[in-house]
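Each chain is listed here by its residues.
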Amino acid sequence: MLKLNLAEFTLDHFMQHYWQQKPVVIRQGFKQFQDLISPEDLAGLACEEEVYSGLVYKKRGKWQAETGPFESYDHLGKTGWSLIVQAVNHWSPEVAELVKPFAFIPKWRLDDVMISYSTPKGGVGPHIDLYDVFICQGSGRRQWRVGARGEHRQCAAHAALLHVDPFEAIIDVELLPGDILYIPPGFPHDGVSLETSMSFSVGFRGKSACDMLSGLADHVIDKELGSTLFSDPGRPIHKNQGQINASDFALIKAQLQSILDDDTLVADFAGSFLSKTKCALDLQPLDDTMDEADLLNTLKTQPLVRTGGLRCFYVDATVGEGACYVDGERHAFGLKAQAAAIALCDHDTVSHAQLRT
């Protein structure tokens, strides 16, 4: 089992002084770390339609990018290119284990585990990410430069590559197997492989207010909520036809605020919206259907194991109903099942005993 090793500070210190504030190198964050997937298996995933993958390299000095699936890499040569595969935790149980050491951050913030395989001199160029990332170095060595957060001009080095202008490094470090580089959003960075190497990036992403409001509007429309019309009986005579006056403006705000003040509505939206997966899951149909009795009997001898990448959450405002949200859908099991719903969301492996509590 992977265990995070923090020799120079505690988790509390990290959250208070580094999380979303400044980058830091964690030497030997994973002791004796070995690749969680082979390059051959990673390349095999990049052959699949359901898996998002990309190649980045230079041709005649210009950046190039391709999206998978890929059938061959023979045209790329032995140096100067990178294969990137996203959401590998959805397809590999071994890679999914990398998420567990970061359980001190709620899983609704988790994006995915992205893996980069790079030949010597390979990289994706200097860029800025809008998410927090823990870059865990696997086999090989990679040189990383990180600049300060600030006003950095970005430009399209390729239609699929947004790069940043040269920056002064505040971190310039060679990562060895087991080392971790944490980078918050907004810090320019550039990694170049010194030899054939693999990097495992655990990303955490926040939603913008725009995304949340757009999602809330979709939720309200889909559930046919918020249909009460604006009402203003007994209003005084209006003197200026073109004016939205202060009292009307207050009523408009109150009508919108009534949606946000409905804790159940917003809880159902948040649980459903945040539990949706952005990438495909490794789901296979059952060979034989199971009824409730068969399922319970099976759980007595083997636990229920969540497939990699499946998002399951509960919200304090509705968990009293035994409600939880799985891949965008609300499921309410009733008050007696509250503990079971919590166990289902809190644990990747759930036993028969936990579901009976």
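Everything below is about the structure shown above.
Our subject in this report is the structure included herewith. (Residues numbered from 1 in each chain as written. Predicted model: local features only at pLDDT ≥ 70, side-chain atom pairs only at ≥ 80, totals over all residues. Heavy atoms only, no water.)

Remarks on the pairing of strand S3 (residues 62–67)
Here is step 1: Bridging between strand S2 (residues 53–59) and S3 involves 6 bridges; their strand directions are antiparallel. From the neighbouring strand, Leu-55 faces S3, where its bridge partner is Glu-66.
Here is step 2: In sequence, S2 turns back onto S3 through a hairpin of 2 residues, with Arg-60 there showing a positive phi of about 55 degrees. (Pairing = 2+ DSSP bridges. Helix = DSSP H or I, 4+ residues; strand = E, 2+ residues; numbered from the N terminus.)

Quick notes on a nonpolar patch on the surface
Here is step 1: On the surface, a nonpolar cluster with roughly 570 Å² of combined accessible area is contributed by Phe-230, Ile-244, Phe-249, Leu-251, Ile-252 and Leu-256.
Here is step 2: Here Ile-244 lies in the loop between helix H4 (209–222) and helix H5 (246–260). (Patch = residues over 30% accessible without salt bridge, like charges linked within 9 Å, V, L, I, M, F, W, Y side chains within 5 Å. Areas by Shrake-Rupley, 256 points an atom, 1.4 Å probe, with all protein chains shown as cover. Salt bridge = Lys/Arg side-chain N within 4 Å of Asp/Glu carboxyl O.)

A few points about the side chain of Asp-268
Here is step 1: For Asp-268, the location among the structural elements is in helix H6 (residues 263–275).
Here is step 2: Of the polar contacts made by the side chain of Asp-268, one reaches the side chain of Arg-330; its length is 2.7 Å.
Here is step 3: Once residues within four sequence positions are removed from consideration, Asp-268 is found in contact with His-219, Thr-318, Tyr-325 and Arg-330. (Polar contact = N/O pair within 3.5 Å; in protein donor to acceptor, adjacent residues only side chain to side chain. Contact = heavy atoms within 4.5 Å.)

What about the pattern of salt bridges?
Here is step 1: Within this structure, the stated rule accounts for 14 salt bridges.
Here is step 2: Between Lys-278 and Asp-111 there is a salt bridge, and its shortest N-O distance comes to 3.2 Å. Placement of Lys-278 in the loop between H6 and helix H7 (292–301) and of Asp-111 in strand S5 (residues 110–118) is noted, with a sequence separation of 167 residues between them.
Here is step 3: By relative accessible area, Asp-111 is classed as buried at 15%.
Here is step 4: A salt bridge links Arg-306 to Asp-348; the nearest nitrogen and oxygen atoms lie 3.7 Å apart. Taken together, the positions of Arg-306 in the loop between strand S14 (304–305) and strand S15 (312–313) and Asp-348 in the loop between helix H8 (338–346) and strand S18 (349–350) put the pair 42 residues apart, joining distant regions of the chain. (Buried < 20%, exposed > 50% of the residue type's maximum accessible area, 1.4 Å probe, protein only.)

Description of unusual backbone geometry
Here is step 1: Residue Gly-68 is joined to Pro-69 through a cis peptide bond whose omega torsion reads 10 degrees.
Here is step 2: Mapped onto the elements of the fold, Pro-69 is located in the loop between S3 and strand S4 (81–85).
Here is step 3: Phi at Gln-28 is positive, roughly 50 degrees, even though this residue is not glycine.
Here is step 4: Tracing the backbone shows Gln-28 in the loop between strand S1 (24–26) and helix H2 (39–45).
Here is step 5: With phi around 55 degrees, Glu-224 is a residue other than glycine that occupies positive phi space.
Here is step 6: Examined against the element boundaries, Glu-224 turns out to sit in the loop between H4 and H5.

Any functional reading would require information beyond the geometric quantities listed.
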